[in-house]
Amino acid sequence: MIGLISATAAGAAARDRLAAAWPERTRVYEGPVADAVRTAFAECDGLVCFLATGAAVRLLAPLLDDKRTDPGVVCVDEGGRFAVSLAGGHAGGANDLARAVGEVLGARPVVTTATDAVGLPGLDTLGLPVEGDVAGVSRALLDGEPVVLRADVAWPLPPLPLAADGPYAIRLTDRLVTPAEREAVLRPPTLVVGVGGSRGVPADEVLDLVGEALAGAGLCPASVAELATVDAKSEEPGIVAAAGRLGVPLVTHPAAELARVEVPHPSEAPLAAVGTPSVAEAAALARGGELLVPKRKSRRADGRPAMATCAVVRRPVRGRLAVVGLGPGARDLLTPRAREELRRASVLVGLDQYVDQIRDLLRPGTRVLESGLGAEEERARTAVAEARRGQAVALIGSGDAGVYAMASPALAEASDDIDVVGVPGVTAALAAGAILGAPLGHDHVSISLSDLHTPWEVIERRVRAAAEADLVVTFYNPRSRGRDWQLPKALSVLAEHREPGTPVGVVRNASRADESSRLTTLAGLDPATVDMMTVVTVGNTATRRIAGRMVTPRGYRWQDGREGAR
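What counts, and where the lines are drawn
- Residues numbered from 1 in each chain as written.
- Predicted model: local features only at pLDDT ≥ 70, side-chain atom pairs only at ≥ 80, totals over all residues.
- Heavy atoms only, no water.
- 1 Å grid on protein atoms, 1.4 Å probe; cavity = no way out; pocket = protein on both sides within 12 Å on 5 of 7 lines; lining within 4 Å.
- Points joined across faces, edges and corners; volume = space filled by probe spheres on them.
- Helix = DSSP H or I, 4+ residues; strand = E, 2+ residues; numbered from the N terminus.
- Nonpolar A, V, L, I, M, F, W, Y, C, P; charged D, E, K, R; others polar.
- pLDDT = per-residue confidence, 0-100.
- Contact = heavy atoms within 4.5 Å.
- Phe/Tyr/Trp six-rings, centres within 6.5 Å; stacked < 30°, edge-to-face > 60°.
- Buried < 20%, exposed > 50% of the residue type's maximum accessible area, 1.4 Å probe, protein only.
- Arc of directions from axis to C-beta.
- Core = buried A, V, L, I, M, F, W, Y, C linked by side-chain atoms within 4.5 Å.
- Salt bridge = Lys/Arg side-chain N within 4 Å of Asp/Glu carboxyl O.
- Lys, Arg positive; Asp, Glu negative; His and termini not counted.
- Polar contact = N/O pair within 3.5 Å; in protein donor to acceptor, adjacent residues only side chain to side chain.
- Disulfide = S-S within 2.5 Å.
- Pairing = 2+ DSSP bridges.
- Axes fitted to C-alpha atoms, helices over the stretch in contact; angles between N-to-C directions.

Peer 1: I would appreciate a short explanation of empty space enclosed by the protein in the present structure.
Peer 2: Think of a ball as big as a water molecule: rolled over the atoms, this probe shows where empty space is left. Following the criterion strictly, the structure yields one cavity of 30 Å³ or more and no others. Reported here for the largest cavity is a volume of approximately 30 Å³. As for the largest cavity, its lining consists of R320, E341, R344, A345, A392 and V393. For the lining of the largest cavity, the elements supplying multiple residues, two or more each, are α12 (336-344) and β19 (392-397). Split by residue class, the lining of the largest cavity holds three nonpolar, no polar and three charged.

What follows is the structure, given as structure tokens:
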């Protein structure tokens, strides 16, 4: 919950705008400001104070205890111009809250956290437990001193400016190690603990066994990602409680699925009890990985039979591939989500001219793998291979990466051993449509006239089907030096079903600095004026030219002059 506190009428007005935008996330605190701040600080995860920063500092100072547990605080000035991350920038979430408040109120977020200010990811913002000399290593990164990554396991980290050698280090490990001097240790969630238990097994017995297994193998409890067991134990109180006390999810698998997992120590007892010859080992290995601790049983001080078993597996690293659409070219048509993915990626793969468009948005340390035209399949293979190595990869394409772009070859190459995220972008057809007016107001289709990968017979059949179905048609890749007859042929097919005066919109370099557009007709379009940077949109039989714009009615009755919805 986010507490909202104000002291003036102007502050209250901005406060109420924020409360209206986030009704489920916010709570307004009325009354004397000092009392409201104290109460909200104790009750909320974050505070937005519509106060002068000096006043907020004086009120907050006696309340501050530990940045890891204090709520994040954002201060908004009287004029609503700035949203200042005042306290708890990373741990308390104030930096992100300042940006979110700024979006709602139109205020400029002010973030002074050093790593954020220079575009470096903070070590405490990576979503991983971190210990050791976090401040010293972060300062070294900021100062440009050499920092080495020592990775015992692979994990898709964001970009960091790392060196081959140096006095400071970031260690990525699930091993039970003590941080060295000038070393920060990150604990990735790489371990799966499979557990089995008799009915009524105590949570303490499960936890003691898990702790002993991890310690004996030199593994860190902070890297445990989940407890895994068979479906039949999904509501076993001791196992459920153990997962809760470890702070990890309890993941269950059907007995039939576990029975198919090859394990080193099958047993008749669990087969008879729950239908699988292995619970602990099979549950830990259900999604693959390396068995680090084979099945072991708990030891009971009273000498009675063990009630718990466990096994530990290091699960396979899953790299991350974000397929990112950059939009048609204009920077303000690049989506916020695309920006975030570009900054998150440690490896960027793309066409050289697209890389140049967004190179300034990349964080320091991003490795860029760029190539020229005609290497789409090679770029797709490269991006997938980097993700399989455990990297955080962004594969970029213009417009929407799933429309005549990189998503198709990349996903054809990828299997289920990596995580894939699609980031939509504004397509060339949409950008051109917005420039022309509303040509896509009813059913429409996009067709590429490039026959490099698709036989012309197939393309022509699709154009003819669109013509017969009276669909608005947007042509991508309409004409190049080596392909100058396809567009005239496609237009002649459409002309068999549409009048010569059918509106046609021609947009070149939509949204870019040298953008140009014009309206013409099906009979008046000169194909020689079109190139590969052009999008051609041909209207259907209802499309009209209205006030210099190309408009396709949505099909409501008003287009026939009758009363209806507008």
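From this point, things continue past the structure.
Peer 1: How should I be thinking about the confidence of the model for the protein chain in this particular structure?
Peer 2: Parts of the prediction with low pLDDT should not have their coordinates interpreted in detail. Per-residue confidence for the protein chain gives a mean pLDDT of 91; residues scoring 70 or more make up 97%. Predicted confidence is poor over residues 562-566, with pLDDT under 50, and the contacts of this stretch with residues over four places away or in other chains come to six contacts.

Peer 1: I'm lost on the packing of aromatic side chains in this one. Help?
Peer 2: By convention here, two paired aromatic rings are described through the distance between centres and the angle between planes. On inspection of all chains with the given rule, the structure shows two aromatic pairs. Relative to Y476, the ring of Y404 lies with its centre 4.7 Å away and its plane at 50 degrees, an arrangement referred to as tilted. On the criterion of sequence distance, the pair formed by Y404 in the loop between β19 and α15 (407-413) and Y476 in strand β23 (residues 472-476) is long-range, its members being 72 residues apart. Using a relative accessible area of 44% as the deciding quantity, one classes Y404 as partly exposed. Since its relative accessible area comes to 10%, Y476 is described here as buried. An angle of 70 degrees between the planes, with centres 5.1 Å apart, marks the rings of W456 and W485 as edge-to-face. Separated by 29 residues along the polypeptide, W456 in helix α17 (residues 456-468) and W485 in the loop between β23 and α18 (486-495) bring together distant segments of the chain. Judged by its relative accessible area of 10%, W456 is buried.

Peer 1: What's the story with helix α8 (residues 237-246) in this structure? I'm lost.
Peer 2: A turn of α-helix holds 3.6 residues, and therefore any two residues three or four places apart point the same way. For α8, the full list of buried residues reads G238, I239, A242 and A243. Projection of α8 onto a plane perpendicular to its axis shows the buried side chains occupying an angular sector of 135 degrees, all on one side. Exposed residues on α8 whose side chains face more than 90 degrees from its buried face are P237, G244 and R245. Of the surrounding elements, those touching the buried residues of α8 are β11 (191-197), α7 (203-216), β12 (224-230) and β13 (250-253).

Peer 1: Explain the nonpolar core to me, please; I cannot follow it from the model alone.
Peer 2: The tendency in soluble globular proteins is for nonpolar side chains to be buried as a group. In terms of nonpolar packing, the biggest core is built from 22 residues, with V193, V195, V206, L214, V224, L227 and V312 touching the most fellow members. Those elements that place two or more of their residues in this core are β11, α7, β12, α8 and β15 (308-314). Take this core: its biggest share by element is six residues, from α7. One finds V463, F475, L525 and V530 within the second-largest nonpolar core, a separate group that totals 21 residues.

Peer 1: Help me understand the pattern of salt bridges in this model?
Peer 2: A side chain with one charge can pair with a side chain of the opposite charge if their charged atoms come near. Counted by the stated rule, this structure contains 27 salt bridges. Of the charged contacts in the structure, one is a salt bridge between D204 and R245, with a shortest N-O distance of 2.7 Å. Residue D204 is found in helix α7, and its partner R245 is found in helix α8; the two are separated by 41 residues along the sequence. Close ionic contact of R379 with E376 constitutes a salt bridge, the shortest N to O distance being 4.0 Å. Taken together, the residues span about one helical turn, with R379 and E376 both in helix α14 (residues 376-388) at a distance of three residues. We classify R379 as buried; its relative accessible area is 4%. Accessibility expressed as a relative area gives 33% for E376, which makes it partly exposed.

Peer 1: Mind showing me how you'd approach the side chain of K233 here?
Peer 2: Positionally, K233 belongs in the loop between β12 and α8. Notably, K233 is buried but unbridged: the nearest opposite-charge side chain belongs to E236, and the N-O separation is 4.1 Å. Within polar-contact distance, the side chain of K233 engages the backbone oxygen of G197 at 2.9 Å. In contact with K233, other than residues within four places in its own chain, are G197, S198, R199, I239, L250 and V274.

Peer 1: Can you help me understand the state of the cysteines in this one?
Peer 2: Two cysteines form a disulfide when their sulfur atoms are joined by a covalent bond. Applying the stated criterion across every chain, the model contains zero disulfides. Here C44 stays unpaired: no disulfide links it, and the sulfur of C49, its closest cysteine neighbor, is 10 Å away. In this structure C44 comes out as buried when scored by relative accessible area, which is 7%. With no disulfide partner, C49 has as its closest neighbouring cysteine sulfur the one in C75, 5.6 Å distant.

Peer 1: Got a minute to help me understand the sheet that holds strand β6 (residues 108-110) in this structure?
Peer 2: Within a sheet, each strand pairs with its neighbour through backbone hydrogen bonds, oriented either parallel or antiparallel. Strand order across the open sheet formed by six strands is β2-β1-β3-β4-β5-β6, with mixed pairing between neighbours. Each edge of the open sheet carries a strand with a single partner, namely β2 (26-28) and β6. Mean inter-strand twist for the sheet, computed between neighbouring axes without regard to direction, equals 25 degrees. Judged from the five bridges that link them, strand β1 (residues 2-6) and strand β3 (residues 46-50) form a sheet pairing that is parallel. Bridging from a neighbouring strand, G3 pairs with L47 of β3. Contacting β1, β2 and β3, helix α1 (residues 9-21) runs over the sheet at an angle of about 160 degrees to β1. Contacting β1, β2 and β3, helix α2 (residues 33-43) crosses the sheet at an angle of about 175 degrees to β1.

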